[in-house]
Each structure stands twice: as structure tokens, then as C-alpha cells.
Amino acid sequence: MSRRLSVTLLTAPALIVLLGVFVIPMLLMLLLSFQDAQQAFSLENYALFFQDTFYLEILWRTIRVSLWTVLATLLLGYPVAMFMAQATGKMRGIVTMCILAPHLISVVIRNFGWVVVLGEKGWINETLIALGMIETPLRLLYNELGVVIGLTDSFIAYMVLALATSLYSIDPSLNKAASILGASRARTFFSVTLPLSLPGIVAGTTLVFSLSMSAFVTPALMGGTSVKVIPVLAYEQIMSTLNWPLGAALAFLLLGSTIVLVSLYTKLIENKRYKEVFAS
Amino acid sequence: MKKINVLGLITFIIIILVNLPFLVIIPSSFTAAGYLAFPPEGFSWKWYSMILDRPEFIDSFWTSIKLATLSAILATVLGTLAAFALSKYKFRGSGFINALMLSPLTVPSLIIGISALLFFTRIGIAGTFTGLLLAHILISIPYVVRLVLTGLSSFDYTLEKAGYMLGAHPFRVFWDITLPLVRPAIASGMIFSFLTSFDNVTVSLFLVAPDTTTLPLAIFSYMQETLDPLVASISSVVILLSLVFIILLEKVYGLERLFGLNSQSH
């Protein structure tokens, strides 16, 4: 059998699925997003987004919630990744398992668990009321805080993975060298570990930001009707209002703004590093 | 030493937090009360027997199992074949095809779901099991391709050559030499695909009809209307089932390796 024939036969089945379920549908969706009600070419779906502050406000809320999630996953994930990098053998395996395994269980179920914990009659509120620390239940759910908690739980595994990958590659003798030269633990962390883990931080924050921007389930379940984000809005346009062109345009605008923000961010970091290297 | 302890303590707390949903759901599924409560009140199996009275959960459970099994098998076959071609032959455009195979990972599920709905409506398979299955195969292929490619990256193709030279049929060479060496990667690709399909909500959301609803979607819809211990009991069943597959994955391949963490780094 010729090489060419083998390659074709082996890749064709997967390529057919990719073309038929991914590439062609995406092109169709892009085309549709440029259609008006009369099915003529039009930019009105995109123009609407920039003319009406309603949409811009929702975009800003989506970005805000995503940024808080990035911050929370970074602050909580960094110590875990550091611990994993310092741990050896069995311990590292156990911690990895305990962080990654929950990630493989449905997000609907994890969100449900948080609803039981954070709800008005949830565990936290009932406990605090029973202890007499508060009188009226705290609002921990169906607001932006609830969504950020849910998203942080959903995506912290990605952050830990990205950070751990870059922390594992740091030569431990560098820490030793720093401490022999008299640097304190804090100094070693800020001058050695943190700068060297920057690639992991960039990878983790970028990934968590992109995932949070397009998250649908958690904002729907833990944000309720009060925290509308772009994915929820796009879903409503597609499934309830049945304005498919607008729904498609919203989804692409979301993707577009995520790409723009992420590339601005990585550019900014690269420039900063460039200056740092050449200024010293 | 002290530093490790502080980090260890923080890590321990975060491990508790990411597992808190399960630590809360499972006990509250055994409550004897008529409402959702944690800590649970009393002990009873009644919320489990009540699942059996809800056809929407039973039916969607079987739909999910059927869907996850079929999409895992098909995605594994398609992804493995493609990965073999990409690893064995350096051909023009192989870089492009490789990128294309992984590309569904880089596009938000929301867009995959919406675009599939638009296209499937045109060709008349929106809301059918076939449409749902195709979409689930699509989202699983990248994982299989990536895992099998990793498994094959250390494969020595002279072994295959040796097989041919000794007169073995190509199929025999594949079955007896190539396959056993990448079996862990393929098996983990299949288990991971099963879990990917079994957990998926965002893509399914756009593609199900009332009679093809999947279990996570049934729970999702139910949760938006009612929050009662029934959600806890059905969730516990899913947690337990997922746990079986996670343990299998750990045994077959190892979660660290699956997520690209090299445990032999230092």
C-alpha cells in the first residue's frame, strides 16, 4: 500500500468528522452572524453590540468575573503548585490526584455542591446564624461572588497544572544557591522562584481567563438571573429568542474580545520582560 | 522544613475546598427530611428509591451511558488511526492536520454547540441521537490524538520493520507489536473520552431534544427549578460512577501523566 493511500485512509475518518461537525458548521455560523432578518448581508448584529451599552455592560461583567477568577485561582493555586514541586514521590502523587480528580466530575454536580454550601439556607449561613455571628443570611450565591467561587473551583486545576509544570522545571539548586548567598526565604521566592515561574503564570492566567470568559454552566447555576454574562445571553438568543444571527454574532464577539485581551496581555508581559533584561 | 508545613497546610485546605461539593452532596443525599439540608437530618435511602420514580433521570442516564460509550469507542478508533498516520509518516501538511485535529480544544464549547446546532438543523439531524453522538465524538478526538501521539513519540518503528522482515502480515505486526506498546495511551484516551462525554453540558445543551436529554442536562434543568435531596441522590450516583472511571484512569495511565505532569523531573 502506498504511503499516500495509507495516510489518506488513516486520517480520512477523523477529518470527515472535523470538517462536518466543526469546520463547516463554524463557517456557516460566521456567515449567519452577518445576516439580517431578511437574510441579506449586514453588520447590524455586530454594530448593535457597540451601540447599545446593555451589551457592553454585560461584556464588562463577563470580563470582570473572569479577572476575579484568574486572581483567585492564581493566589490559591500557587501554594498548591509550590507544595507539589517540593513534595516527593508518593506525596506529590496523592496531592495531584486530590486536585485533578474532582476536575473529572461534572461541573453541574460540583456547582450543586456549592449551592448546598453557599445558599441562603446553606451550610455556611446556617452555621453562622446558629453561632449567632450573623442575623440575616449572607448573600453568597446568585451574585458575582457566587459565580467567581464556582468558576474558581472549576478552573483551579488548570492553573495548578500550568504552574506546577513551570515550577517542576526550576533547578532546586538555585534555591540552595540563593540561601547560601544569604537571601531570606521571601527574597528567594521573589527573586528566584517567582520570576522563573512566570511562563507558568502567563500560561495559567491566559487559560483560566479564556475558559472563564466562555463558561456557561456556572454563571447559569450560581449566578441565577442576576449575573447575566455573554455566554448566557448568547444561549438565550439561540434557544429562547431564536435570533440565531445575533446569538452567533455574540458568541464570535466573545471569542474575539477574549483573543484581543489575551494577546494584549501576553504582549505587555513580553515587553516588560524585554525591558527588564536589557535595562540591567 | 517549616515552609513545607505552611504550604502543606494551605494545600490541604484547598484540597478540602475542591472536594467540598462531594463531601456535602453525598451525606445530604441520605437525609430523612423533605428538603435539602447539610448536615443531613436523620438517615434514609428514600431519595435513592425516589430516583426510580423519575423516568427523566432513568432515561437520561441510559442515554448518557449509551452516548458516552459509543462516542468513546468511535473517537478512540478515529483518533488512534489519525495519530498513527501523523506519527509514522512525515507528509506534506501533517503539521496542519495535526493542528486541525487539536483545534476543537481551542474553541469554546459554546461555539461548538451553537455551530453544530445551526448546521445540524440544515441537514436535519438537530435533536437526534446521531447529531449528539457526532458532536461528542468531535470533542473527544483531540484528547485521543494527543494521548496516542504522546504514546507513539517514543515508539521505535524499526520494531515494525523487523516484524515485516520476519514475514508477518501488516495486521499481525500492528496487533502484536505496535498496539501493545501504546495500549495504555489508547485505553486512557478511551476512558477520558467517556468522561468527557458523560460530563458534557455546554455542547449537549444545544443538541438535545426532550427524548434525547443527557443526565447532566437533566440535572441542570431540574436544578434550575427545584433544589431538593433528589438532586443530591442522583448526583451521588454520578459521582460514584465517575470515581470508578477516574480510578481506572489512574491505574491504567496515571493522572499525572495524563495531564502532562512529568513526575520524574527531579
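Parameters and conventions
Here the residue index of a chain counts from 1 through its sequence in written order. Here every chain gets a letter starting at A, and every ligand a number starting at 1, in the order they are written. Totals for whole chains, interfaces and linings use all residues, but because this is a predicted model, local features are given only for residues with pLDDT of at least 70 and pairs of side-chain atoms are given and counted only at 80 or more. In computing side-chain values, all of the structure's heavy atoms are included and hydrogens and water are not. Axis definition: a line fitted to C-alpha atoms, limited for helices to the stretch in contact. Angles are taken between N-to-C directions and run from 0 to 180 degrees. To qualify as a helix, a DSSP run of H or I must reach at least 4 residues; to qualify as a strand, a run of E must reach at least 2; elements of each kind are numbered from the N terminus. Geometric relationships in this document are graded by angle, where less than 35 degrees denotes roughly parallel, more than 145 denotes roughly antiparallel, 65 to 115 denotes roughly perpendicular, and other angles denote oblique. It only takes one pair of heavy atoms within 4.5 Å for two residues to be counted as in contact. Each residue receives one of three labels: charged for Asp, Glu, Lys and Arg, nonpolar for Ala, Val, Leu, Ile, Met, Phe, Trp, Tyr, Cys and Pro, and polar for the others, Gly being one of them. UniProt positions are given in the numbering used here, feature names are shortened, and annotations may be inferred rather than shown by experiment. Residue exposure (1.4 Å probe, protein chains only): buried if accessible area is under 20% of the type maximum, exposed if over 50%, otherwise partly exposed. It is the rotation of the near helix from the far one that decides the hand of a crossing: anticlockwise by less than a right angle makes it left-handed, clockwise makes it right-handed.

Points about the packing of helix H2 (residues 44-51) of chain A against helix H3 (residues 53-86) of chain A
For any two helices packed against each other, one specifies the crossing angle of their axes together with the interaxial distance.
Residues and elements named next belong to chain A.
In step 1: Interhelical geometry of H2 versus H3 gives an angle of 75° and a closest axis separation of 5 Å. On the basis of their axis angle, the class for H2 and H3 is roughly perpendicular. Seen from H2, the contacting residues are Leu 48, Phe 49, Phe 50 and Gln 51; seen from H3, they are Thr 53, Tyr 55, Leu 56 and Leu 59.
In step 2: Of the residues assigned to the contact of H2 with H3, the class counts are 6 nonpolar, 2 polar and no charged.

Regarding the UniProt feature "domain: ABC transmembrane type-1" (unreviewed entry) in chain B
In step 1: Within this structure's numbering, the places UniProt gives as "domain: ABC transmembrane type-1" (unreviewed entry) are residues 61-249 of chain B.
In step 2: In residues 61-249 of chain B, the share of helix is 78% and the share of strand is 0%. The end C-alpha atoms are 22 Å apart.

Describing unusual backbone geometry
Leaving glycine aside, a negative phi is the common case for residues, and trans is the common case for peptide bonds.
Residue and element names in this part refer to chain A.
In step 1: In this model, Tyr 142 sits at a positive phi of 60°, which is unusual for a non-glycine residue.
In step 2: Tracing the chain through its elements places Tyr 142 in the loop between helix H6 (123-130) and helix H7 (144-168).
In step 3: Take Tyr 142: its relative accessible area is 31%, and that puts it in the partly exposed class.
In step 4: Of note in the backbone geometry, Leu 242 takes a positive phi value of approximately 60° without being a glycine.
In step 5: Looking at the element boundaries, Leu 242 is found in the loop between helix H12 (230-239) and helix H13 (244-279).

Some remarks on the packing of helix H1 (residues 3-33) of chain A against helix H3 (residues 55-88) of chain B
In step 1: Viewed as axis vectors pointing N to C, H1(A) and H3(B) meet at an angle of 135°, and their least axial separation amounts to 8 Å. With respect to their mutual orientation, H1(A) and H3(B) come out oblique. Remark: the crossing between H1(A) and H3(B) carries left-handed chirality. Counting all contacts with H1(A), which are made through Val7(A), Leu10(A), Thr11(A), Pro13(A), Ala14(A) and Val17(A), the residues of H3(B) involved are Leu78(B), Leu81(B), Ala82(B) and Ala85(B).
In step 2: In terms of residue class, the contact of H1(A) with H3(B) is built from 9 nonpolar, 1 polar and no charged.

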